Amino acid sequence: MDLNFPQLEKKILKFWKAKKIFEKLQKKNQGKKRWSFLDGPITANNSMGVHHAWGRTYKDLFQRYKAMQGFDQKFQNGFDCQGLWVEVEVEKELGFKTKKDIEIYGIDKFVEKCKERVLKYSKIQTEQSIRLGQWMDWDNSYYTMSDENNYAIWNFLKKCWNDGNLYKGRDAVPWCPRCGTAISQHEILTEDYKEVTHDSLYLEYPIINKKDEFLLVWTTTPWTLPGNVAVAVDPKKDYALVSGSVAGNKYYILKDLAASLDLKVLEILKGEKLVGLEYQSPFDQLSRVKKSLENYIHRVISADPQILPISQTEGTGLVHIAPGAGSEDFRLGKKLAIPVIELINEEANYLDGLDEFSGKNAKNDPAIIIDYLKNKDGGKYLFEIKKISHRYPVCWRCKEELVWRVVDEWYISMDKLREPLMEIAKKIKWLPSFGLDRELDWLKNMQDWLISKKRYWGLALPIFECKKCGNFEVIGSKEELEERAVDGWQKFAGHSPHRPWVDEVKIKCSKCGEIVSRVPDVGNPWLDAGIVSFSTMDESWFPADFICESFPGQFKNWFYSLIVMSTVLKETNPTKTIFGYASVRDEKDEEMHKSKGNAIWFDEAVEKIGADVMRWMYAKQNPVDNLRFGYNAAEETKRKLLTIYNVIEFFITYIPHEQYPKKEETPKSKNILDKWIISRLNNIIAKVTKSLDDFDAMRATLTIEDFFINDLSLWYVRRSRKRFQKSQDKEEIQTLWSVLINIIKLMAPIMPFFAEENYGKLRSKEMPESVHLIDWPKAQEKYIDLELEESMAKTREIVALALAERAELGIKVRQPLASLCIKEKLDEGMLELIKDEVNVKKIILGECLKLDTEITPELKEEGLVREIIRNIQDARKKANLKPQDKVLMNYSAAPDLDKVIIKNKKIILEETKLKDLVFDKAIALNNQQCSFIIAAEG
């Protein structure tokens, strides 16, 4: 029997809306004990993909579970609204190529376009989330672009400033030339690298006052070479003086790397012997280089392994140092007080003073450096060019390759915060448990938090810097800004605290009295998400009991920003539990990308397979591992889910609705199967409850699935089928009905549509109108009989072995056998189950498990009768007859088989619910032993 999940789900959505089921749930739990969930905001920038649905399934699942347990909740969804992710998409819409295009268009109009995009996609994502079955108070969603959120961050930044942790720093930082902004260490994730092929260069720098001796230096970024100031070596490692291919030329290289370039070793010496050697650069005559290196000569320096470890597996062991074009280079240069040569502007164009390179793009025109080296002094500086394929960092938003440039940015210092952050991280329960180790590792090694962006759509940093005296101060609220304003307030009033309107406001410098403007920078978008503990939750909900987000990258970003802001503002943890999960990939375990054509959008998937199938797939996945999503896997999941659906249909088919129980009562049946399934049910309820209390959706889902497939369908219903077909015993009905109702309850948080639909089929009028308004089931220990369960497990093991022996011998199960010998002593009820399931006449106690395979004429005839009954049932099924339909059936059969039918006609009619069975010689056998045709309905 098939089930159209999408069609069913749309029907249930209408039911929920018409009956206001969610509102009734909120009212039911209002004022009860609270359970606080904090939503990590989804970026309102595009339609959802199937990867978004994984996390939103978890969020809905646990909130529904806690609601069934009676907890009062906020059910507040969040939308991430500000930042580069939105800006880049709006730029694409408008056809912009650079930041200058935005300023020509108008910052105000551009910001409004960004707001429009957020509102458009937050509405789309709301509808998609509702289609997924997610229950939230959608009219009360929070938006990180809201005034409340922005001003809450102002308060946080003022506290950082008051504590002495906010400062302006100058550094060589990762920079996106397309977006024209710095990319912080926090934003560069493992996945924000791509495999690229570049020209790597081996340079030979002539050593001053040493004829024919050179430093052999390697770089994968030729564009940085005009900024070279020094060459770094490891003073403790062994270096070698080697002979080159040019007669008389000798080069210094790390001893272990000499062989890779096929160079002959002449002398071995420690790196410390090279420190202090001075050399010439081919770019020394460029105006900016000459000016920057006035009174300084290029020299070999000692590398600090904490800042710049020297590789022993690639390059030459002599590292090109350009403090103006590399983070580690800048730090090393700062430590040793060596000059910085700035090379590029925000679009990666070479700056003025670099002569023939000025105005040319360092990343787009890499050949200009190589061509220069080939021609400079007959190419004497260029030793070799090699293609290299390596992983190179790219912008997390636009995917352009990054460069490094020296800029002034705003930072939050981690010096005083590092230890408190680590202690607070330890107060949180991390799921999976390795989350704590990852977070501590990040906190231990992270640099100061770069919080500024040279962009437009985002938090307006409330920093006012005096150009006259250098003093800067932070404004902590809208009220404070109005109080301090000496100009521009009227132009700003009525607007959100965004550019360009907030830029109109001027204040007076508290030190020198100069009129001061706000710095033009906007904030890092993780400030927006990190503050939501305070902008969306009052004291009574703080700290959150639970947050849930995909863990790739979030240790550096959302989890980190939450902990930082909570540490600064409250000196405590923002949440009690952090639950993380991996990534969604395609069925080949490859990352999904629109450009690759393997991305699956949510709308497509939900209409093809349904939300509940997706939710079951997500819930039963181990969150530690990447989830392979695809339609083949979905069909396998659907096939398993049809098992429980078919059991429910079986119950509905054979039990008249008027006989359904009026309310839930534990059955008192004395039947061994009934007692066993009730024991198993209570055991399962206890296990599922424990799993969900531990936020282990995988274990809960697999426990339910195993129960309804292996215990309920393949054993209990199969062994009880005849009982339900033939009798209407009240206790039997109560047993199966109770099991189904409780399994539906357990499935309700995971598959809310399916559970609602089937609850509606089974409920009495006295019960709540929705399964989601019922209390979570409680396991009743007194009905758990572990001895009975163990005995049944042994019985099923014996059955499995006996059936395997039948299969090996090629004897059909419908063919009765005389006996089965078993070793175990079991009670009579279990023995009867074995006899019926294995189809033997008696059980004999012996030393081994063995079937008596001698088939007497009587046994053979009984087997034929069973085969005839099966063929008639198949004919009924093909005709779509209901069990209660009485029909007349005509048949034709070979003479020997006809005798068997005539002899056993009474049994056959009783088993198949036929009105009569009449021989018809006109029916063709077509090489069959017998054939059946329905003549008429009764």
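Refer to the structure printed above.
Since this is a predicted model, take the numbers as computed values, not measurements. (Residues numbered from 1 in each chain as written. Predicted model: local features only at pLDDT ≥ 70, side-chain atom pairs only at ≥ 80, totals over all residues. Heavy atoms only, no water.)

> Sorry if this is basic, but what is going on with the overall build of the protein chain here?
Within the protein chain, the secondary structure is distributed over 29 helices and 35 strands. Relative to its length of 938 residues, the protein chain is extended, with a C-alpha radius of gyration of 38 Å against a globular reference of 30 Å. Across its three principal directions, the C-alpha atoms of the protein chain cover 115 × 75 × 50 Å. Within the protein chain, buried positions represent 57% of all 938 residues. Across the protein chain, contacts joining residues at least 24 apart in sequence account for 78% of those joining residues at least 6 apart. Approximately 41200 Å² of the protein chain is accessible, and the part contributed by carbon and sulfur atoms is 48%. Of note, the protein chain has its 143 positive side-chain charges centred 3 Å away from the centre of its 143 negative side-chain charges. (Helix = DSSP H or I, 4+ residues; strand = E, 2+ residues; numbered from the N terminus. Rg over C-alpha atoms; globule rule 2.2 N^0.38 Å. Buried < 20%, exposed > 50% of the residue type's maximum accessible area, 1.4 Å probe, protein only. Contact = heavy atoms within 4.5 Å. Areas by Shrake-Rupley, 256 points an atom, 1.4 Å probe, with all protein chains shown as cover. Lys, Arg positive; Asp, Glu negative; His and termini not counted. Charge placed at Lys NZ, Arg CZ, Asp CG, Glu CD.)

> Any chance you could explain the nonpolar core here in plain terms?
Side chains of a nonpolar character, in soluble globular proteins, are inclined to be buried together. By size, the foremost hydrophobic cluster in this structure holds 219 residues, and its most contacted members are Phe 156, Ile 412, Leu 481, Met 614, Phe 629, Leu 712 and Met 747. Not counting residues up to four positions away in its chain, the partners in contact with Phe 629 are Val 50, Val 584, Arg 585, Asp 586, Glu 587, Met 592, Ile 600, Ala 605, Ile 609, Met 614, Met 617 and Tyr 618. The next biggest cluster of nonpolar side chains, apart from the first, holds 73 residues, and it includes Leu 201, Leu 225, Val 242 and Ala 322. (Core = buried A, V, L, I, M, F, W, Y, C linked by side-chain atoms within 4.5 Å.)

> Whenever I open this one, the sheet that holds strand S22 (residues 485-487) confuses me. Can you help?
Picture the strands of a sheet paired through backbone hydrogen bonds; they go either parallel or antiparallel. Read from one edge of the open sheet, three strands run S22-S23-S24, paired in antiparallel fashion. Every other strand in the sheet has two partners, leaving S22 and strand S24 (515-516) as the edge strands with one partner each. With two bridges joining them, S22 and strand S23 (residues 506-508) adopt antiparallel strand pairing. Paired with Ala 485 across the bridge in S23 is Ile 507. (Pairing = 2+ DSSP bridges.)

> Looking at this structure, I do not really get helix H17 (residues 558-570). What am I missing?
Count 3.6 residues to each turn of an α-helix, and residues three or four apart come out pointing the same way. When the terminal C-alpha atoms of H17 are compared, their 17 Å separation across 13 residues agrees well with the 18 Å that a helix rising 1.5 Å per residue should span. The element H17 is extensively covered by neighbouring structure, given that 11 of its 13 residues are classed as buried. The complete set of buried residues in H17 reads Trp 558, Phe 559, Tyr 560, Ser 561, Leu 562, Ile 563, Val 564, Met 565, Ser 566, Thr 567 and Val 568. Remark: Glu 571 follows H17 within two positions and exhibits a positive phi of approximately 55 degrees. (Expected span 1.5 Å × (residues − 1).)

> Just checking my understanding: could you explain the pattern of salt bridges for this structure?
Where charged atoms of side chains with opposite charge meet at close range, the side chains can pair. Tallied over the entire structure, the rule returns 67 salt bridges. Residue Arg 484 is joined to Glu 473 by a salt bridge in which the shortest nitrogen-to-oxygen separation is 3.1 Å. In this pair, Arg 484 is assigned in helix H13 (residues 478-484) and Glu 473 in strand S21 (residues 472-474), connecting sequence segments 11 residues apart. Residues participating in the shared-partner salt-bridge network are Glu 9, Lys 10, Arg 131 and Glu 607. (Salt bridge = Lys/Arg side-chain N within 4 Å of Asp/Glu carboxyl O.)

> Before we go on, may I ask you to explain the packing of aromatic side chains in this structure?
Any pair of aromatic rings gets described here by the distance separating the centres and the angle formed by the planes. Tallied over the entire structure, the rule returns 53 aromatic pairs. Summarising the aromatic geometry, the rings of Tyr 65 and Trp 776 are spaced 4.8 Å apart at their centres and angled 85 degrees between planes, so their arrangement reads as edge-to-face. Remark: Trp 776 occurs in the loop between helix H24 (752-762) and helix H25 (786-809) and Tyr 65 occurs in helix H3 (residues 50-68); sequence separation between them is 711 residues. For Tyr 65, a relative accessible area of 0% puts it in the buried group. Relative to Tyr 372, the ring of Phe 357 has its centre 5.2 Å away and its plane inclined at 65 degrees; by these criteria the two rings are edge-to-face. Of this pair, Phe 357 sits in the loop between helix H9 (327-336) and helix H10 (367-375) while Tyr 372 sits in helix H10, and the two are 15 residues apart along the sequence. Given the relative accessible area of 2%, Phe 357 is considered buried. (Phe/Tyr/Trp six-rings, centres within 6.5 Å; stacked < 30°, edge-to-face > 60°.)

> Whenever I open this one, the packing of helix H20 (residues 631-654) against H24 confuses me. Can you help?
A pair of packed helices can be characterised by two numbers: the angle between their axes and the separation between those axes. Where H20 contacts H24, the two axes come as close as 11 Å, and the packing angle between them is 10 degrees. For the element pair H20 / H24, the angle class is roughly parallel. Here Leu 641, Ile 644, Tyr 645, Ile 648, Glu 649, Phe 651 and Ile 652 of H20 lie close against H24, whose contacting residues are Phe 754, Asn 758, Lys 761 and Leu 762. (Axes fitted to C-alpha atoms, helices over the stretch in contact; angles between N-to-C directions. Parallel < 35°, antiparallel > 145°, perpendicular 65-115°, else oblique.)

> How should I be thinking about the state of the cysteines in this particular structure?
Covalently bonding the sulfur atom of one cysteine to the sulfur atom of another cysteine gives a disulfide. Tallied over the entire structure, the rule returns zero disulfides. Counting only cysteine sulfurs, Cys 469 is the nearest neighbor of Cys 509, a cysteine outside any disulfide, at a range of 3.7 Å. Note on Cys 509: relative accessible area 4%, which makes it buried. Between Cys 848, a cysteine without a disulfide, and Cys 821, which holds the nearest cysteine sulfur, the sulfur-to-sulfur distance is 5.3 Å. (Disulfide = S-S within 2.5 Å.)

> Teacher, can you tell me more about empty space enclosed by the protein here?
Over the atoms a probe the size of a water molecule is rolled, and this reveals where empty space is left. Scanning the entire structure with this criterion turns up four cavities of 30 Å³ or more. Looking at the largest cavity, its volume works out to about 50 Å³. Taken together, Gly 83, Leu 84, Glu 87, Lys 453, Arg 455, Trp 457, Gly 458, Val 522, Gly 523 and Pro 525 form the lining of the largest cavity. Those elements giving two or more residues to the lining of the largest cavity turn out to be helix H4 (84-94) and strand S25 (522-523). Across the lining of the largest cavity, the residue classes tally to four nonpolar, three polar and three charged. (1 Å grid on protein atoms, 1.4 Å probe; cavity = no way out; pocket = protein on both sides within 12 Å on 5 of 7 lines; lining within 4 Å. Points joined across faces, edges and corners; volume = space filled by probe spheres on them. Nonpolar A, V, L, I, M, F, W, Y, C, P; charged D, E, K, R; others polar.)

> It is not clear to me how the packing of H3 against helix H21 (residues 672-693) should be interpreted in this structure. Could you clarify?
Running from N to C, H3 and H21 point in directions that differ by 120 degrees, and their axes come no closer than 11 Å. The angle between the axes of H3 and H21 places the two elements in the oblique class. The chirality of how H3 crosses H21 is left-handed. Every residue of H21 that contacts H3 at Leu 61, Phe 62, Tyr 65 and Lys 66 is listed here: Thr 689, Leu 692 and Asp 693. (Left-handed = near helix turned anticlockwise from the far one by under 90°.)

> Quick question: what am I supposed to make of the side chain of Thr 575 here?
Mapped onto the fold, Thr 575 is located in the loop between H17 and strand S27 (577-581). For Thr 575, a relative accessible area of 1% corresponds to the buried category. In this structure the side chain of Thr 575 is engaged in a polar contact, spanning 3.2 Å, whose partner is the backbone oxygen of Ala 544. A polar contact is formed between the side chain of Thr 575 and the backbone oxygen of Thr 577, at a distance of 3.1 Å. The residues touching Thr 575, leaving out its near neighbours within four places in the chain, are Ile 428, Pro 543, Ala 544, Asp 545, Phe 546 and Ile 547. (Polar contact = N/O pair within 3.5 Å; in protein donor to acceptor, adjacent residues only side chain to side chain.)

> Where do I start with the sheet that holds strand S31 (residues 840-845) in this structure?
Strand order across the open sheet formed by three strands is S31-S30-S32, with mixed pairing between neighbours. The open sheet has two edge strands, S31 and strand S32 (850-851), and neither has a second partner. Sheet topology note: the strand S30 (residues 817-822)/S32 ladder contains two bridges and is antiparallel. Counterpart to Leu 820 in the pairing with S32 is Leu 851. Helix-sheet contacts for helix H26 (residues 828-838) involve S30, S31 and S32, and the interaxial angle to S31 is about 130 degrees.

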